[in-house]
Amino acid sequence: MDTILCDELLEEVLRRFPFSPAAAVVSLVSKRWLRLYRSSKRYLLLCISGDNCKPPSLSSFLAHFPHLSYLHITTNGGDDVSNFSDQILLSVASSCPKLRTLCLKSEPVSLFPLLSLSTSCPHLTSLSISLSRPISFHWLVFLHSLKNLTVVFTPVPGEFEQVDTSKRNLNAELKLETLVLEGIGRGDYGFDSLWKSCKNLKRLELYRCEGIGNDLSVSSFVNCFNVLQEVELRRCGSIVNDILMRLVENCTSLNSLLIHDEGSREGLFHFITNSRCKLQKLDLRLPLDLEDNHLLAVAEKFRGLSSLQLSSCFLVTAEGIRTMALAMSNELEELALVNCNLEPGLLTTLGQKFRNLRTLDLSYNEMVDEEFISMLASCNCLRNVKVRVCEGLTDASLVSMFKSCKLLETVDIMNCPGIGAEAVELFVLNCLQLRVLSVEESKVSDISSISLSRPISFHWLVFLHSLKNLTADFSPVPGEFEQVDTSKRNFDAELKLETLALDGIRRGDYGFDSLWKSCKNLRDWSCTTAKESAMIRQFHRSLIASTASKKWNGRIGFGKLQRPPRSGIEELALVNCNLEPGLLTTLGQKFRNLRKLDFKQAAEKKSGGGGAGLVLVLAIQIVISGRADSSEVKSDCMDLLPHGICTEHGPMGCATFNM
């Protein structure tokens, strides 16, 4: 069986598995499968320590993944290993020639391993590392394919002498498009040639930087502004003003600006009023540096903004936000007012002005249902809503959300105490496009019994992470109704359901295929008022192949089984079922571990008066075909039981036949 597929085909199948920890179980099948599974891996995340992992063993391990393209390593050097990060980088360079993305969360690395990496991994396009001073970037010239670079500069304890590394630096044009730098110190050497060589830079991110290099580096900084489109400055208060001034003078291609935690009132106002770029996205978290005059200037200068995000801007008033909104165009698609001053009437104004909003974030605000509901009534195009830690919202807001916004895909209602479990249940049942719901586990674990109407969809089950027992009643629709294919709304995830009870399924009902495929942990299920054989066959095609439970209590008419359940089942109940000739023989040959049978009221009409006897004889065939004794057999036909029935392992013990 293990040799039906050749290595190439099996490896291709394994390669198409979704990126999930559960997929690793296929490596337990055999050594061949383990080898091919490793060979098919493209992504790998490792957390290693110098105390329990030596570089030679890491090289040997990585050699089993010849096609690895993404590698993320988090290291802890340990107490007895020196230059552990360098050794790890050398091991990666020697074992992963096809690597394209490397993220090394570790102590600083030296220059020699970087040079080795540049020659051994020619296809590397993304690199994230830590460096120590003195700083040099001359090794970048050898990474011909590198487009994304993240560097964290580790601080050196105590006093240290700055070294001019300009003679060692590069003099070539790099292909870098994204550059992320963290921890640049004031007066650091080595950045002059970096800025001059980044003429293709499109995205620049600076974190906790006190400068952009020494005096020579400052003058060459503008060389990377030619096609710069996005700038992010986080906790860079001492250099924000200087960078904004230079952007005004030298950059016309900028379309996105983010400034968080530390800024400059004068520099920001000067940038807004004098900038020559067409800004599309503006994200500001400036508790003490953003005022109403800044917002009015934004509305006048950047009327075509598509995204505006304000967080913890305590000096901005509700009147300032309202004035800005009225002055802007209605093209805004993303709006975030996180921990801001939202006075009564403001949300109503914003909703009427920005009717094309796709994303809305009002987290950490004190607002009531009436304000939020009035905004939702105008914003019918919303797809993503986030109202985390909004204590004033209740169930009414959640009901209004799914009634007004039919296109919702992502919703975050974490830590909203006024929203209860029943409202969450109603919400997930009515938001047919919902993909992600963030909510406390306690508000979804109690949902167990519901009534559904057609069209039927079970996509909402993926959000009930702790649900184990589900009872669903499908309400009948009076008269004729049109069936709707809900397959596009359904999910592809493994549920934790152990008990499932369904009532009222009809012939041709859509929506059940993904439910059956996802119930891999099911132990007990029952379906009533479902006698149509077409629906039954559909049930078995999907569910039976994935059910691995030992208790299979299926109270449903079986029709013609296409694929019987797995042979590990120990309990089988066929109560008032449609049992065709030959069915029980098939079940007996398949279920060799049966311990309990229940055939009450299971007679086939086509067999006439001998139907009950036929069922009983076939039930006996199950016992005869089985390899283990049946401890309990239930039937309504005690008088038809032949005497002296024995199996090759002895007579049936404790067989009961109830009238």
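With an unreviewed UniProt entry as reference, the protein is termed F-box/LRR-repeat protein 15-like leucin rich repeat domain-containing protein, source organism Rhododendron williamsianum.

Asker: Please clarify how the state of the cysteines should be interpreted in this entry.
Answerer: In a disulfide, the sulfur atoms of two cysteines are covalently bonded to one another. All chains considered together, the criterion is met by 0 disulfides. The closest cysteine sulfur to the non-disulfide-bonded Cys224 is located on Cys198, 6.5 Å from its own sulfur. The class of Cys224 is buried, set by a relative accessible area of 0%.

Asker: Help me out: how do you make sense of the nonpolar core in this one?
Answerer: For soluble globular proteins, the rule of thumb is that nonpolar side chains tend to be buried together. Counting residues in hydrophobic clusters, the biggest one holds 153 residues, and the most contacted among them are Leu206 and Phe427. Here the element with the most residues in this core is helix H8 (residues 237-250); it accounts for 6 residues. Excluding residues that lie within four positions of it along the chain, Leu206 makes contacts with Leu181, Ile184, Ile212, Glu232, Leu233, Arg234, Cys236, Ile239 and Ile243. The next biggest cluster of nonpolar side chains, apart from the first, holds 7 residues, and it includes Leu572, Leu583, Leu587 and Leu594.

Asker: Would you mind showing me how to read a nonpolar patch on the surface here?
Answerer: A cluster of nonpolar residues, Ile4, Leu5, Leu9, Val13 and Phe17, forms a patch on the protein surface that exposes about 440 Å² of accessible area. Looking at where Ile4 falls in the secondary structure, it is placed in the segment before helix H1 (7-15). On the basis of relative accessible area, Ile4 is assigned to the exposed category, the value being 63%.

Asker: So what exactly am I meant to see when it comes to helix H9 (residues 265-274) here?
Answerer: Note on helix geometry: an α-helix contains 3.6 residues per turn, so any two residues three or four positions apart are oriented the same way. Burial in H9 covers these residues: Gly267, Leu268, Phe271 and Ile272. The buried residues of H9 occupy an angular sector of 130° when projected down its axis, which confines them to one face. Residues of H9 that are buried make contact with H8, strand E9 (256-260), strand E10 (281-285) and helix H10 (292-301).

Asker: I would appreciate a short explanation of the side chain of Ser95 in the present structure.
Answerer: Its place among the elements puts Ser95 in helix H4 (residues 84-95). For Ser95, a relative accessible area of 11% corresponds to the buried category. Here the side chain of Ser95 touches Ser59 through a polar contact of 3.4 Å, landing on its backbone oxygen. Among the polar contacts made by the side chain of Ser95, one reaches the main-chain carbonyl oxygen of Ser91 at a distance of 3.0 Å. Filtering out sequence-adjacent residues up to four positions away, Ser95 remains in contact with Ser59, Leu62 and Ala63.

Asker: Even after reading the chapter, I still don't get the packing of aromatic side chains, so can you show me in this structure?
Answerer: Think of a pair of aromatic rings as described by two things: how far the centres are apart, and how the planes are tilted against each other in angle. Applying the stated criterion across every chain, the model contains 10 aromatic pairs. What links up through ring pairs into an aromatic cluster is the set Phe137, Phe153, Phe191, Trp195, Phe221 and Phe225.

Asker: Looking at this structure, I do not really get the pairing of strand E1 (residues 43-49). What am I missing?
Answerer: Taken residue by residue, a regular strand's side chains alternate between the two faces of the sheet. Bridge count for E1 against strand E2 (residues 70-76) is 7 bridges, and the pairing is parallel. Opposite Tyr43, over in E2, you have Tyr70 as the bridge partner.

Asker: Please clarify how the pattern of salt bridges should be interpreted in this entry.
Answerer: A pair can form between side chains of opposite charge whenever their charged atoms are brought close. Evaluated as defined, the whole model comprises 14 salt bridges. Residues Arg203 and Glu230 are paired through a salt bridge, measuring 2.1 Å at the closest nitrogen-oxygen approach. Here Arg203, found in strand E7 (residues 203-207), pairs with Glu230, found in strand E8 (residues 230-234); they are 27 residues apart in sequence, far enough to count as distant. Residue Asp242 pairs with Arg246 through a salt bridge whose shortest N-O separation is 3.2 Å. A residue pair is termed a helical-turn pair when its members lie 3 or 4 positions apart in one helix, as Asp242 and Arg246 do in helix H8 at 4 residues. A residue is classified by how much of its surface remains accessible, and Asp242, at 29% relative accessible area, is partly exposed.

Calculation criteria
- Residues numbered from 1 in each chain as written.
- Predicted model: local features only at pLDDT ≥ 70, side-chain atom pairs only at ≥ 80, totals over all residues.
- Heavy atoms only, no water.
- Disulfide = S-S within 2.5 Å.
- Buried < 20%, exposed > 50% of the residue type's maximum accessible area, 1.4 Å probe, protein only.
- Core = buried A, V, L, I, M, F, W, Y, C linked by side-chain atoms within 4.5 Å.
- Helix = DSSP H or I, 4+ residues; strand = E, 2+ residues; numbered from the N terminus.
- Contact = heavy atoms within 4.5 Å.
- Patch = residues over 30% accessible without salt bridge, like charges linked within 9 Å, V, L, I, M, F, W, Y side chains within 5 Å.
- Areas by Shrake-Rupley, 256 points an atom, 1.4 Å probe, with all protein chains shown as cover.
- Salt bridge = Lys/Arg side-chain N within 4 Å of Asp/Glu carboxyl O.
- Arc of directions from axis to C-beta.
- Polar contact = N/O pair within 3.5 Å; in protein donor to acceptor, adjacent residues only side chain to side chain.
- Phe/Tyr/Trp six-rings, centres within 6.5 Å; stacked < 30°, edge-to-face > 60°.
- Pairing = 2+ DSSP bridges.

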